[in-house]
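Chains, contacts and geometry: an overview
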Amino acid sequence: MRLSHIIRDYFTFSRNERIGLVVLIFLIIILMVSNQIIFYFEKPTVADEEQFERFRSELNYQTPKTYTFLTLFSFDPNTIDSLAMDSLNLPVNVKKNLLKYRKSGGSFYSREDIRKIYGMNDSVYNSIAPFVNIESKVPVFSEVVVHRNGANDQLKDERSFETKESQVESAHILEINSASSEELKTLYGIGDVLSVRIVKYRDLLGGFYSLDQLGEVYGLKHETLNGIKPHLIIDTSMVSQININFAKTKDLAFHPYLDWSNASLIVDYVSRVGFVEDKNILSSDSVLNDSVLRKVYPYLKTIK
């Protein structure tokens, strides 16, 4: 038998077979086209953000804590910032509602006032009540000295511990994350050297998230720090964060709270597990110990 006959017999179809083949090809083309255009007609459902946050808050409250760096510590609900609040072992919805209440102008005058926060049930209140420390506002009265001048008595309001210059400084408030060295020198006890050191250390950190961090500045005495604290405010939104998913070892090791060993552990861990969504896992997987993570936590992020 010739080869041409074999090929012709193999590739020759009956009428019904040809019809079936055409229908099959037609169906394949329809499926391929449908697979590409079906998403153009799909309408995404609108996500309910409040419902999602409520669900996540309930899940966060009901699930046992596995991250030991979330702790309860002494705090003033009138002054605690959002970054410090993140480390506080409270249900997420309670922390969020507390910040909302304060942002709307609300204040806390006694420990019991925090019961007004939505989501603050008895069990939560009983666990945090011993840690609530509300600073009372005590008015400061000037010292009045009576001077006798002949037959007339004159009352003069004298502040023996303040000069006119210091009164101006008392009214002057500085934002620590944006203040220049020249502005810092207007604070009592801060001279040329200390003002430069504060700015340099602030730049190394990526900004301060707590005024207590000023105690880490070399040469700044505890007494001086306590004296300037009332004249300082802090904007934590100015804190620079390092994305651990894209950072190199040298980028992390440059931070004062991390050494080369810590930085290498983070980079190696991210390389091994892939994209990290929650920086808390650095504690649960023993990449960093709790004390190191607690300090560097505000300077790390996992998303843009």
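The present account deals with the structure reproduced in this document.

Analysis parameters
- Residues numbered from 1 in each chain as written.
- Predicted model: local features only at pLDDT ≥ 70, side-chain atom pairs only at ≥ 80, totals over all residues.
- Heavy atoms only, no water.
- Helix = DSSP H or I, 4+ residues; strand = E, 2+ residues; numbered from the N terminus.
- Buried < 20%, exposed > 50% of the residue type's maximum accessible area, 1.4 Å probe, protein only.
- Contact = heavy atoms within 4.5 Å.
- Areas by Shrake-Rupley, 256 points an atom, 1.4 Å probe, with all protein chains shown as cover.
- Phe/Tyr/Trp six-rings, centres within 6.5 Å; stacked < 30°, edge-to-face > 60°.
- Lys NZ or Arg CZ within 6 Å of the ring centre and 35° of its normal.
- Core = buried A, V, L, I, M, F, W, Y, C linked by side-chain atoms within 4.5 Å.
- Salt bridge = Lys/Arg side-chain N within 4 Å of Asp/Glu carboxyl O.
- Patch = residues over 30% accessible without salt bridge, like charges linked within 9 Å, V, L, I, M, F, W, Y side chains within 5 Å.
- Polar contact = N/O pair within 3.5 Å; in protein donor to acceptor, adjacent residues only side chain to side chain.
- Expected span 1.5 Å × (residues − 1).

Another point: the overall build of the protein. Looking only at helices and strands, the protein has 14 helices and 6 strands in total. In the protein, buried positions account for 30% of the 304 residues. Within the protein, residue pairs in contact and separated by at least 24 positions form 54% of the contacts whose partners lie at least 6 positions apart. If you sum the accessible surface of the protein, you get close to 21100 Å²; carbon and sulfur atoms cover 57% of it.

For the rest of this paragraph, the subject is the packing of aromatic side chains. For the structure on display, the rule yields 4 aromatic pairs. In this structure an aromatic cluster arises from ring pairing among Y209, Y257 and Y299. Directly above the ring of Y297 sits K279, whose terminal nitrogen or CZ lies 4.2 Å from the centroid.

It is worth spelling out the nonpolar core at this point. Counting residues in each nonpolar core, the largest one holds 42 residues, and the members touching the most others are L184, L214 and L288. By size, the runner-up hydrophobic cluster in this structure holds 16 residues, among which are M85, F108, I114 and A129.

A few words on the environment of P256. Along the polypeptide, P256 turns up in the loop between α11 (249-253) and α12 (260-273). Sequence-distant contacts of P256, that is, excluding residues within four places in its chain, are made with Y201, L204 and L205.

Scanning all chains against the criterion turns up 4 salt bridges. Here K185 and E182 are joined by a salt bridge, their closest N and O atoms 3.2 Å apart. Given the relative accessible area of 52%, E182 is considered exposed. Its salt-bridge partner being K229, residue D212 comes within 2.5 Å of it at the nearest N-O pair. Of this pair, D212 sits in the loop between α9 (192-205) and α10 (222-228) while K229 sits in the loop between α10 and β4 (232-233); the two residues are 17 residues apart in sequence, bridging distant segments of the chain. Connected via shared salt-bridge partners are E182, K185 and D192.

Our focus in this paragraph is a nonpolar patch on the surface. Residues L21, L24, I25, I28, I29, M32, V33 and I37 make up a contiguous nonpolar surface patch of about 710 Å² in total accessible area. Among the structural elements, V33 can be located in helix α2 (residues 15-37).

Of note in this structure, S286 is not a glycine but carries a positive phi near 60°. Position of S286 among the secondary structure elements: in the loop between α13 (281-284) and α14 (290-296). What makes S286 exposed here is its relative accessible area of 63%.

Moving on, we get to the side chain of T302. Secondary-structure assignment places T302 in the segment after β6 (300-301). Polar side-chain contacts of T302 include one of 2.9 Å to the backbone oxygen of E277. Excluding its chain neighbours within four sequence positions, the residues that come into contact with T302 are N243, I244, N245, F275, V276, E277, D278 and K279.

All right, on to the side chain of K279 then. Within the secondary structure layout, K279 lies in the loop between α12 and α13. A polar atom in the side chain of K279 sits 2.6 Å from the backbone oxygen of L300. Dropping the residues within four chain positions of it, K279 is found in contact with Q241, L293, Y297, L300 and T302.

This part is about helix α5 (residues 92-103). Helix length check: α5 (12 residues) gives 17 Å between terminal C-alpha atoms against 16 Å at 1.5 Å per residue, within 8%. Along its buried surface, α5 packs onto α4 (82-86). At the C-terminal side of α5, G105 shows a positive phi close to 110°.

Before going further, it helps to examine α12. For α12, with 14 residues, the first-to-last C-alpha span of 20 Å sits near the 20 Å given by 1.5 Å per residue. Residues of α12 that are buried: N262, A263, S264, I266, V267, Y269 and V270. Those residues of α12 hidden inside the fold are in contact with α11, α13 and α14. The backbone nitrogen of S261 lies 3.2 Å from a side-chain oxygen of the residue at the head of α12, namely D259.

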